[in-house]
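# Close look at the chain arrangement
Read off the chains here:
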2 protein chains.
Amino acid sequence: MKGINIGLIGFGTVGSGVVKILKEKKLLLKEKIGTNIILKRICDKDIHTKRNVSVDKDILTTDPYKIIADPQIDIVIELIGGIQPAKEYIIEALKNGKHVVTANKALLAQEGKEIFSLAKQHKRCIYFEASVGAGIPIIKSIREGLVANRFLSILGILNGTSNFILTRMSEEGCSFKEALKEAKDKGYAEKDPSLDIEGIDTAHKLILLVYLCYGKLFGLNDIYVEGISHISPQDLIYAKEMGLNIKLLAIAKKIKDELEIRIHPTLIPQNHLLSSVRGIFNAIYISGDLVNDLLFYGPGAGQMSAASAVVSDLVDLTQHIKAGLFRPIMDIVEDNTIHRLRKIENIESRYYIRFMAIDKPGVLAKISGLLGKYQISIASVTQKERKKQKFVPIVMITHEAREKNLKEAIYKISKLNVIGEEPVAIRIEEI
Amino acid sequence: MKGINIGLIGFGTVGSGVVKILKEKKLLLKEKIGTNIILKRICDKDIHTKRNVSVDKDILTTDPYKIIADPQIDIVIELIGGIQPAKEYIIEALKNGKHVVTANKALLAQEGKEIFSLAKQHKRCIYFEASVGAGIPIIKSIREGLVANRFLSILGILNGTSNFILTRMSEEGCSFKEALKEAKDKGYAEKDPSLDIEGIDTAHKLILLVYLCYGKLFGLNDIYVEGISHISPQDLIYAKEMGLNIKLLAIAKKIKDELEIRIHPTLIPQNHLLSSVRGIFNAIYISGDLVNDLLFYGPGAGQMSAASAVVSDLVDLTQHIKAGLFRPIMDIVEDNTIHRLRKIENIESRYYIRFMAIDKPGVLAKISGLLGKYQISIASVTQKERKKQKFVPIVMITHEAREKNLKEAIYKISKLNVIGEEPVAIRIEEI
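Residues numbered from 1 in each chain as written. Chains lettered and ligands numbered in written order. Predicted model: local features only at pLDDT ≥ 70, side-chain atom pairs only at ≥ 80, totals over all residues.

### Some points on the pairing of strand β7 (residues 151–157) of chain A
Residues and elements named next belong to chain A. The test is simple: Burial is judged by counting other C-beta atoms within 10 Å of a residue's own C-beta: 20 or more means buried, 12 or fewer means exposed, and anything between counts as partly exposed, with every C-beta placed from the backbone. Numbering of helices and strands runs from the N terminus, with a helix taken as a DSSP run of H or I at least four residues long and a strand as a DSSP run of E at least two residues long. One requirement defines pairing of two strands: DSSP has to find at least two bridges between them.
Most of β7 sits inside the fold, with 5 of its 7 residues counted as buried. Where β7 lies against strand β9 (residues 244–255), 4 bridges are found, and the strand directions are antiparallel. Across the sheet, the residue bridging to Leu 155 is Ile 251, located in β9.

### Concerning the nonpolar core
The condition is simple: What we call a nonpolar core is a set of buried Ala, Val, Leu, Ile, Met, Phe, Trp, Tyr and Cys residues whose membership is set by joining through C-beta atoms within 7 Å. The contact criterion used is a C-beta to C-beta distance within 7 Å, with each C-beta placed from the backbone.
Membership of the largest hydrophobic core comes to 274 residues, with the highest contact counts inside it found for Val310(A) and Val310(B). With residues up to four places along the chain from it excluded, the contact list for Val310(B) reads Val14(B), Val18(B), Ile77(B), Val101(B), Ala103(B) and Ala130(B).

### With respect to the relation of the copies chain B and chain A
For clarity, the cut-off: Least-squares superposition of the copies uses the C-alpha atoms of those residues scoring a pLDDT of at least 70 in each of them.
The transform that puts chain B on chain A rotates by 180° and translates by 0.0 Å along the axis, for an RMSD of 0.0 Å. Given the turn and translation reported, the copies of this chain are related as if by a two-fold rotation axis. Mapped onto chain A, 100% of the interface residues of chain B again fall at the interface, so both copies present the same surface.

### So, the interface of chain B and chain A
Rules: When residues are sorted by character, Ala, Val, Leu, Ile, Met, Phe, Trp, Tyr, Cys and Pro go into the nonpolar class, Asp, Glu, Lys and Arg into the charged class, and all the rest, Gly among them, into the polar class.
Between chain B and chain A, the contact holds 48 residues from the first and 48 residues from the second. Only α2 (26–33), α6 (138–145), β12 (292–299) and α12 (303–322) of chain B provide two or more residues apiece to the side of chain B that touches chain A. Class assignment of the residues belonging to the side of chain B that touches chain A gives a composition of 26 nonpolar, 13 polar and 9 charged. Where strand β12 (residues 292–299) of chain A lies against β12(B), 3 bridges are found, and the strand directions are antiparallel. By the bridge assignment, Leu295(A) is partnered in β12(B) with Tyr297(B).

### Concerning the environment of Asp289(A)
Residues and elements named next belong to chain A. Tracing the backbone shows Asp 289 in the loop between β11 (281–288) and β12. Of the residues examined, Asp 289 has 17 C-beta atoms within 10 Å and is grouped as partly exposed. Considered as a pair, Asp 289 and Asp 192 are 97 residues apart in the sequence and their alpha carbons are 40 Å apart.

### Let's talk about the domain arrangement of chain A
Residues and elements named next belong to chain A. Note the following rule: Here the limits of each domain have been adopted from an automatic or database domain assignment.
With domains assigned, chain A is organised as domain 1 (4–134 + 303–322), domain 2 (139–299) and domain 3 (345–428). Centre-to-centre separation of domain 1 and domain 2, based on C-alpha positions: 28 Å. Each partner contributes residues to the interface: domain 1 has 13 residues there, and domain 2 has 15 residues. Here the side of domain 1 that touches domain 2 takes 6 residues from helix α5 (residues 105–121), the largest share from any one element.

### Details of the sheet that holds strand β3 (residues 60–61) of chain A
Residue and element names in this part refer to chain A. What the 6 strands build is an open sheet, ordered β3-β2-β1-β4-β5-β6; its pairing is parallel. Looking at strand neighbours, the two that pair on one side only are β3 and β6 (126–127), the edges of this open sheet. In the sheet, strand β4 (residues 75–78) pairs with strand β5 (residues 99–102) via 4 bridges, with the strands oriented parallel. Counterpart to Ile 75 in the pairing with β5 is His 99.

### Comments concerning the environment of Asp74(B)
Residue and element names in this part refer to chain B. Looking at the secondary structure, you find Asp 74 in the loop between α3 (65–68) and β4 (75–78). The buried category is assigned to Asp 74, around which 23 C-beta atoms lie within 10 Å. Linking Asp 74 and Leu 248, residues 174 residues apart in sequence, is a C-alpha distance of 39 Å. With sequence-adjacent residues up to four places away left out, Asp 74 is seen in contact with Ile 4, Asn 5, Ile 6, Lys 98, His 99 and Ile 321.

### Describing the packing of helix α13 (residues 363–373) of chain A against helix α14 (residues 403–414) of chain A
Residue and element names in this part refer to chain A. For clarity, the threshold we go by: Geometry is summarised by axes, namely lines fitted to C-alpha atoms with helices restricted to the contacting stretch, and by angles between N-to-C directions that run from 0 to 180 degrees. For classification purposes, an angle smaller than 35 degrees is called roughly parallel, one larger than 145 roughly antiparallel, one from 65 to 115 roughly perpendicular, and anything else oblique. Here a crossing is called left-handed whenever its near helix is offset anticlockwise from the far helix by less than a right angle, and right-handed whenever the offset is clockwise.
Where α13 meets α14, the closest approach of the two axes is 9 Å, and the angle between their N-to-C directions is 150°. Between α13 and α14, the crossing angle belongs to the class labelled roughly antiparallel. In this structure, α13 meets α14 at a crossing whose hand is right-handed. Here α13 contributes Ile 367, Leu 370 and Leu 371 to the contact with α14, which in turn contributes Ala 409, Lys 412 and Ile 413. Here the residues of the contact of α13 with α14 are counted per class, giving 5 nonpolar, no polar and 1 charged.

Here's what the structure looks like:
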């Protein structure tokens, strides 16, 4: 066999990283896999701007069908991102018998059902290692390394931008706005950062991890997603005094026959490994029935890091093609012991709560009385300042309580005339 | 194809874990890989003692050649440990055209050259995921997930027993002896714990990681190995005051055209992720030229955890056999830019040093004068007590110094008449 022909659609940051690796590591890869990976064609809307890698002009095209419809091409890499036209290109590529490598988490999370079933139907693979945690080989680890495991839980810090912002707020005491500005200045946040700070990007990634672990592809509307823009630095200071640190945590947990899937700002113990995941780093903390708790950690983004993952997918597919296997190397199997998603109202969690209440006798009794009425018991309570007849912060940590009860109790408490601004509640994850 | 036939040699703790998985996860594995894995025969010296999994008596044997010489068996799992007869069985299995799965780090580290080259010659694979970090898929990650990377460094906490002991010493202030006793009582240390506490087990694992990353299989005699039995709790307390924490660290580092490979008690910053790896947990912190720093973390031992890794190797080989590939899926390639090992005398490091010196004027001048003579500059110095004319601890942190110079300076200082017991020096790793 002369080699495996591949085509790249999307010659942007990650795309040019992939080209750079294929060029600079050509010999290393050849030696390792015994086959040449031949980059036959690159497609981009813009084929004139200089990239940080030089390529033969003849292989550049603006027409994706020069790749998708080329019978000599075995693998199509899609790195343009977004839903359309990426979806069209991937679908046509699969229909034409190509294997596909992509980093497009939004597309796979949203349109995965159609794409994955089409791949199966055409006996082709779609690989997406770069879509979660960039160069961290988390997808391969779940699919292959942990192949015999059933999964109990996934806890992930999956978005570098929001983790950078929360790290700055927590360590420097700056506001959300200030930290976001810094993230933008450093190139860690996009002009419109909403996908990152509202938890949508995290949700796309968690949807894919859940698919790999439990064999079910949920939609954005099925799961609870809460961003970080409402977090105040004051609460992070109080939480820190109680040994807690904040993270935008992606959580999937199997409890009996239900699965909880939720993304929200979460307080975790300061001495837990996940608490040391700072700045733009990502981590996945995963619990399998055989391996117990594993952590995978690394930079959550970066040109060469993501490109490294794309090339590892390419290499796997190359071996696959050489072997003449036309079935995904490892099928994703549904966990049939899961019967439903648990709604956010029904989860049980500990909570950090802050009320702004007038500093006068009897106020605490009123608040705790209402909490008690809703079966919420208090593990600790601290009044943070003393200012007679003024609003002062009262910070509480609850024992495990049902979300629905907590929300109702807080609503009732917020209507008391001794309470100032809106109360704050942040879930605590015991790990 | 009806299925892939396998034979297991060694029906001990991990072996019976493997049997349990193959039995209890039969359907899951079948669904994922599309093939049955058929456990055709189990060999052990003792086939009468009850295990925590029941098997058909007919498949038990005390004769390993019932497996090794059975033409119907495709894969042999070796889980008896030790050098002989494990080596003989593996070699005969390879010669008979079987693929091999093993967890035997000591054997592969010591006799790997012969075994790996024999496997290559016979076009068979030898897989050993369970040999490092139990269920952590570190070997697959290096070989496949990071396939396009060149490696800059590996830092590992690879032995649960010594990490448990150091964690207890550091957190509870107990002595090495007390911590070792506790480890024995809890079943974390063997009766003869020397392989663990002298760093040999860590060395075997590091040798395998270095082989995977750099394509060179070094011997125990090539590398520097220092155990933990001489560490005193007092030094851990002083180090902690300076923000440092102790770990038995396995270190491999590429510096220009040299490779440093060493295992020794090492002080690392308390706020580094590796510092949070407590008790019997393992972690591998690896730096690739494309992915930057990644961390893999999990329990370093455990029946089901190690068995999970063995089964993942089985599954990989099953796919391999189905495809009719008779070449290792991924060849290990030598890093030709490495020309030699750097001897321990030539490494450069920062050091923690403690002298017991008489508390009188001029002593510090003498010590620092000698250090200066050997080009060792001092970053900080603290005299820990005041007791006129008695021996008191003087603790120093040096800037980067060459090991040879440091050793000579310390030797000279130890001969001063103002110095009491043997000085202590512990290397500091800046991460």
